[in-house]
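Fold and geometry: a report
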Amino acid sequence: MGYPYSHEKEVRLISRGFGDPAARTLDGWKAMGGYEGLEKALEVGPSGVIDEVKASGLRGRGGAGFPAGVKWSFMPEKGERPHYLLCNADESEPGTFKDRELIRWLPHQLIEGCLIGSYAIGAEHCYIYLRGEFFETTQVLARALEEAYAAGYVGENILGSGVTIDITLHVGAGAYICGEETGLMNSLEGRRGLPRVKPPFPAAAGFFKSPTTINNVETLSVVPHLLTNGGEWYRQWGTEKSPGTKLFCVSGHVRKPGNYELPLGFPMMELIEDVCGGIRDGNELKAVIPGGASVPIMNVSDCLECSLDYEGVAKAGSMLGCASVIVMDETTDIVKQVRRLVQFFSHESCGQCTPCREGTTWLTRILSRIEDGRGTEQDLDTLLDLGEQMTGTTICVLSDSAAAPVASSIQKFRDEYLALIRRGERVGAA
Ligand SMILES: Cc1cc2nc3c(=O)[nH]c(=O)nc-3n(C[C@H](O)[C@H](O)[C@H](O)COP(=O)(O)O)c2cc1C
Ligand code: SF4
């Protein structure tokens, strides 16, 4: 069983072992140097671990790119309340399919990352919150966890160190909003997965009001390597502000879609044309959504000089997010694609905030009207106005995410909207 596509330009740190069933086992992971990072962590102590992660410059891979070591250092000293590490394995962002692969092929890498992270923040219990649809993924992880418990890597007195860390797997019910960290905590507590108002931030009052850190699967999968090799080692890849490698999930109209691990700062066009084999059927590139569905859409000229790091994509007018690169060729109906994305956000909105609940519904209705040839130019202004009112006004950023592709597509592909509107006007006049 191999892994569908790979490329010589990849730097496989966390994806080494993709496609190799042996890497799923404890013996296979140990043969790759597995659990050495945990041993090193127990040697250097919690603050030594945080120093190493800070030195690496590793930024959270769940979307926001917040530095992991800095986040860990926000956790208070141990007090009366237990500390928790929550691993976010909810992965529901359209176009994103990296975390499931990290778990499916290298479950021990994640378990080791969770152990090191828990140790660093003083947590004796870590929960891995898995997306409800991840059936095989959960089975693989549960088997690996059993092996790790049996071998003394998880549970009481880990490797004779006196440290106790338990790991519990929790399977969600497949709601996108439970990927938002405070929605995730509510869901894990047995409540509806509604995002909470911040502050208080999770490090102050998170899971069951206790100090909590939430990290993405990819973030935690990097951590064992930082302890084994040292934080500075990770900086040989990537850029000054975006160090290391990143898994890019490429989907859409390329010849070889898939997960590719590349240094941050890799050129966008090289990813599309070389690594992914170019656009299908010899077609022309039309648009890219570089960071999952929640970020502004880019046109070809935005892509030409764009480097795939947090700063590079921001400079090109969008966001790296979780690096889910959705590629669209000249045959794509942009208005239809944007309507489809907004419809997804409307369906997944938890409904707490009026701008999000009403805004996503109205965006979908107006876009559908334009798509059906019943729109007017005035609708474009209404869409932009709605998007503005939906941005920065709600409890979580799902609302902002829904507005982002609408505003950017009107700005960059206005002609397509106008063509649909004018065609509709002509049909109406006939
Ligand atoms: C609507 C919404 C959905 C999200 N879904 C996910 C998700 O599926 N996985 C994830 O890791 N982060 C997701 N996030 C981001 C998390 O809230 C959080 O920032 C992340 O898990 C932190 O991990 P990191 O610091 O390692 O990146 C989502 C955020 C929002 C607003
Ligand atoms: S922005 Fe939307 S999804 Fe987020 S809390 Fe408000 S209503 Fe819920």
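The rules behind these values
- Residues numbered from 1 in each chain as written.
- Chains lettered and ligands numbered in written order.
- Predicted model: local features only at pLDDT ≥ 70, side-chain atom pairs only at ≥ 80, totals over all residues.
- Heavy atoms only, no water.
- Buried < 20%, exposed > 50% of the residue type's maximum accessible area, 1.4 Å probe, protein only.
- Helix = DSSP H or I, 4+ residues; strand = E, 2+ residues; numbered from the N terminus.
- Pairing = 2+ DSSP bridges.
- Near = heavy atom within 4 Å.
- Polar contact = N/O pair within 3.5 Å; in protein donor to acceptor, adjacent residues only side chain to side chain.
- Areas by Shrake-Rupley, 256 points an atom, 1.4 Å probe, with all protein chains shown as cover.
- Nonpolar A, V, L, I, M, F, W, Y, C, P; charged D, E, K, R; others polar.
- Contact = heavy atoms within 4.5 Å.
- 1 Å grid on protein atoms, 1.4 Å probe; cavity = no way out; pocket = protein on both sides within 12 Å on 5 of 7 lines; lining within 4 Å.
- Sits in = over half its atoms within 2 Å of the grid points.
- Points joined across faces, edges and corners; volume = space filled by probe spheres on them.
- Axes fitted to C-alpha atoms, helices over the stretch in contact; angles between N-to-C directions.

1. Re the pairing of strand S6 (residues 258–263)
Most of S6 sits out of view: six of its six residues are buried. Across six bridges, strand S5 (residues 245–252) lies against S6 in antiparallel orientation. Note that in S6 the partner of Lys246 across the bridge is Leu262. Hairpin connection of S5 to S6: five residues between the antiparallel strands.

2. Notes on the site of ligand 1
In the region of ligand 1, 18 residues are neighbours, and Gly62, Lys71, Asn215, Asn216 and Thr219 sit closest. One of the side-chain nitrogen or oxygen atoms of Asn88 is found 3.0 Å away from an oxygen atom of ligand 1. Residue Asn216 places a side-chain N or O atom 2.8 Å away from an oxygen atom belonging to ligand 1. Coverage of ligand 1 by the protein amounts to 88% of the 620 Å² it exposes when considered alone. Looking at the shell around ligand 1, the element that brings in the most residues is strand S4 (residues 212–216), giving three residues. Of the residues in the shell around ligand 1, the class split is four nonpolar, eight polar and six charged.

3. Thoughts on helix H7 (residues 181–188)
The buried count for H7 comes to seven of eight residues, which makes it a mostly enclosed element. Here H7 has its buried residues at Thr182, Gly183, Leu184, Met185, Asn186, Ser187 and Leu188. Structurally, H7 contributes buried residues whose contacts are with strand S1 (83–89), strand S2 (123–130), strand S3 (166–171) and S4. In the segment just after H7, Gly190 is the residue with positive phi, at about 95°.

4. Details of the site of ligand 2
Residues in close proximity to ligand 2 total 13 residues, the closest being Cys350, Gln352, Cys353, Cys356 and Cys396. Given that more than half its atoms are within 2 Å of the pocket grid, ligand 2 belongs to the largest cavity.

5. Digging into the layout of surface pockets
Estimated volume of the second largest pocket: approximately 300 Å³. Contributing to the lining of the second largest pocket are 20 residues, with Pro46, Tyr119, Ala120, Ile121 and Gly122 lying nearest its centre. The set of elements that each furnish at least two residues to the lining of the second largest pocket consists of helix H2 (36–56), helix H3 (68–73), helix H5 (107–121) and S2. Ranked by residues supplied to the lining of the second largest pocket, first place goes to H5 with four residues. A per-class count over the lining of the second largest pocket returns 11 nonpolar, six polar and three charged.

6. Examining the sheet that holds S2
Pairing in this open sheet of four strands is parallel, and the strands run S3-S2-S1-S4 from one edge to the other. Strands with a single pairing partner mark the edges of an open sheet, and in this sheet they are S3 and S4. If you compare each strand with its neighbour and ignore which way they point, the axes differ by 20° on average. Pairing of S1 with S2 involves seven bridges; the strand directions are parallel. Each residue of the ladder has a partner; that of Ala89, found in S2, is Leu130. The sheet strands contacting helix H8 (residues 217–229) are S1 and S4, and the helix crosses S4 at an angle near 90°.

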